Amino acid sequence: MNETKAQREKEDYFVLGSYSPLDLIIPGKYGFTFGAISNADTSWEIEYLQGSLSVPFVVDDLGKMQDQRLSLIRRSYFGANSFNFSYGVSYFDFSVHLGNKYMSQINSSPPSADLIDVRGVGFNAAVVNRWTFKHNITLGVDWLSWAQPVMLTKKEATYLNEISNQDSKDDVESFMNVVSYFPRIAVFKIQLGILF
């Protein structure tokens, strides 16, 4: 582990699988990262994470939710062996299929009436350790990361045009407002892969 920096300096690229068990809005995200090593202190990465949630007690209320994030990340080691900071920009795609509680209130439903779709762009930052072992096997832990939407590119719910019940409409609008700018905080995201 003490030679992580030296091993990183010898290689040009890496690929990692990721698992983020404690990640807002939806925990248990998984995905992958592909990166290019500029030098021992800097790398550039593209990371994709996604998670979905559909459990019985939510189905009648909000149905299935999916949270996806695509990020461009710069990682800086500042001369350190494994400790580093990462920062960059992210694209957020959050969707919800409304459950029976809401859909039963409209008479005729267009094909996309059950879909809430919120997309945006923002920034990301993290405090990380990343170690390289024998045969260039690499293990990373994002101890704390923050991805924050700051500008929406899409905020759409056909349902709002089809419903007359003001309470249900207010519930859905409130939910959309919360998820639009909700901070995506994660702790203990694990990455495993290889340098090459």
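Along each chain, residues carry numbers from 1 onward, in the same order as the chain's sequence is written. Two thresholds apply to this predicted model, a pLDDT of at least 70 for residue-level local features and 80 or more for giving and counting side-chain atom pairs, whereas whole-chain, interface and lining totals are computed over all residues. With hydrogens and water excluded, all non-hydrogen atoms of the structure serve as input to the side-chain values.

Peer 1: So what exactly am I meant to see when it comes to the overall build of the protein chain here?
Peer 2: A run of H or I in DSSP counts as a helix once it spans at least four residues, and a run of E counts as a strand once it spans at least two, with each numbered from the N terminus. The secondary structure content of the protein chain amounts to five helices and nine strands. The burial tally for the protein chain puts 45% of its 196 residues in the buried class. Sequence-distant contacts, at least 24 apart, represent 67% of the contacts inside the protein chain between residues at least 6 apart. Note on areas: these come from Shrake-Rupley sampling with a 1.4 Å probe, and a residue is covered only by the protein chains present in the view. Summed over all atoms, the accessible surface of the protein chain reaches about 9,800 Å², with 61% contributed by carbon and sulfur. Only protein chains enter the accessibility calculation, which uses a 1.4 Å probe. A residue is then buried if its area is under 20% of the maximum for its type, exposed if over 50%, and partly exposed in between. Contacts were defined at the residue level, with two residues in contact if any of their heavy atoms lie within 4.5 Å.

Peer 1: What is the right way to read the side chain of S20 from this model?
Peer 2: Structurally, the position occupied by S20 is in strand 1 (residues 13-20). Since its relative accessible area comes to 0%, S20 is described here as buried. Discounting residues that sit within four places of it in the chain, S20 has contacts with P27, G28, K29, A186 and K189.

Peer 1: I keep staring at the side chain of D23 and nothing clicks. Help me out?
Peer 2: Within the secondary structure, D23 sits in strand 2 (residues 22-23). Think of a polar contact as two N or O atoms within 3.5 Å of one another; within protein, one of them needs to be a possible hydrogen donor and the other a possible acceptor, and neighboring residues in sequence only count if both atoms come from side chains. Looking at D23, its side chain comes within polar contact range of the side chain of K29, at 3.1 Å. Excluding residues within four positions of it along the chain, D23 makes contact with K29, L49, R69, I185 and A186.

Peer 1: Please explain the pattern of salt bridges as it appears in this structure.
Peer 2: Side chains that carry opposite charge are capable of pairing whenever their charged atoms lie near each other. A side-chain nitrogen of Lys or Arg and a carboxyl oxygen of Asp or Glu constitute a salt bridge if their distance falls within 4 Å. Under the counting rule described, the total for this entry stands at eleven salt bridges. Two residues, D67 and K29, come together in a salt bridge whose shortest N-O distance is 3.2 Å. Taken together, the positions of D67 in strand 5 (residues 65-76) and K29 in strand 3 (residues 29-39) put the pair 38 residues apart, joining distant regions of the chain. K29 matches D67 in its accessibility class, with the two residues each being buried.

Peer 1: How do you make sense of the nonpolar core when you look at a structure like this?
Peer 2: Soluble globular proteins tend to pack their nonpolar side chains together in the buried interior. In this structure, F94, I116, V172, F175 and M176 are the most contacted members of the largest nonpolar core, which totals 15 residues. At the level of secondary structure, the elements contributing two or more residues to this core comprise strand 6 (83-97), strand 7 (115-132), helix 4 (159-162) and helix 5 (166-181). By residue number, the principal contributor to this core is helix 5, which donates four residues. The nonpolar core is taken to be a set of buried Ala, Val, Leu, Ile, Met, Phe, Trp, Tyr and Cys residues, with the residues joined through side-chain atoms within 4.5 Å.

Peer 1: It is not clear to me how the pairing of strand 1 should be interpreted in this structure. Could you clarify?
Peer 2: On a regular strand, one side chain projects to one face of the sheet and the next to the other, so that they alternate. Burial along strand 1 is one-sided: F14, L16, S18 and S20 are buried, and none of Y13, V15, G17 and Y19, which face the opposite way, are. Between any two strands, pairing holds if DSSP finds at least two bridges. Alignment of strand 1 against strand 3, held across eight bridges, turns out to be antiparallel. Within strand 3, the position partnered with G17 by the bridge is F32. As defined by bridge partners, strand 1 adjoins strand 9 (residues 184-195) across six bridges and the pair is classed as antiparallel. The residue bridging Y19 from the neighbouring strand is I190, located in strand 9.

Peer 1: Where do I start with the environment of R130 in this structure?
Peer 2: Following the sequence through the fold, R130 ends up in strand 7. In this structure, the C-alpha to C-alpha distance between R130 and T4, residues 126 residues apart in sequence, is 8.2 Å.

Peer 1: So what exactly am I meant to see when it comes to the pairing of strand 7 here?
Peer 2: Relative to strand 7, strand 6 runs antiparallel, the two being bridged by 15 bridges. When the sheet's bridge partners are listed, F94 is paired in strand 7 with V118. Sheet topology note: the strand 7/strand 8 (residues 137-157) ladder contains 17 bridges and is antiparallel. Along strand 8, the bridge assignment pairs G122 with P149. Between strand 7 and strand 8, which pair antiparallel one after the other, the connecting turn spans four residues, and H135 there sits at a positive phi close to 65°.

Peer 1: What is the right way to read unusual backbone geometry from this model?
Peer 2: When glycine is set aside, most residues are seen to have a negative phi, and most peptide bonds are trans. In the segment running from L24 into I25, the intervening peptide bond is cis, with an omega of 5°. Although it is not a glycine, F188 adopts a positive phi angle of roughly 60°. Tracing the backbone shows F188 in strand 9. F188 gets classed as partly exposed once you look at its relative accessible area, which sits at 39%.

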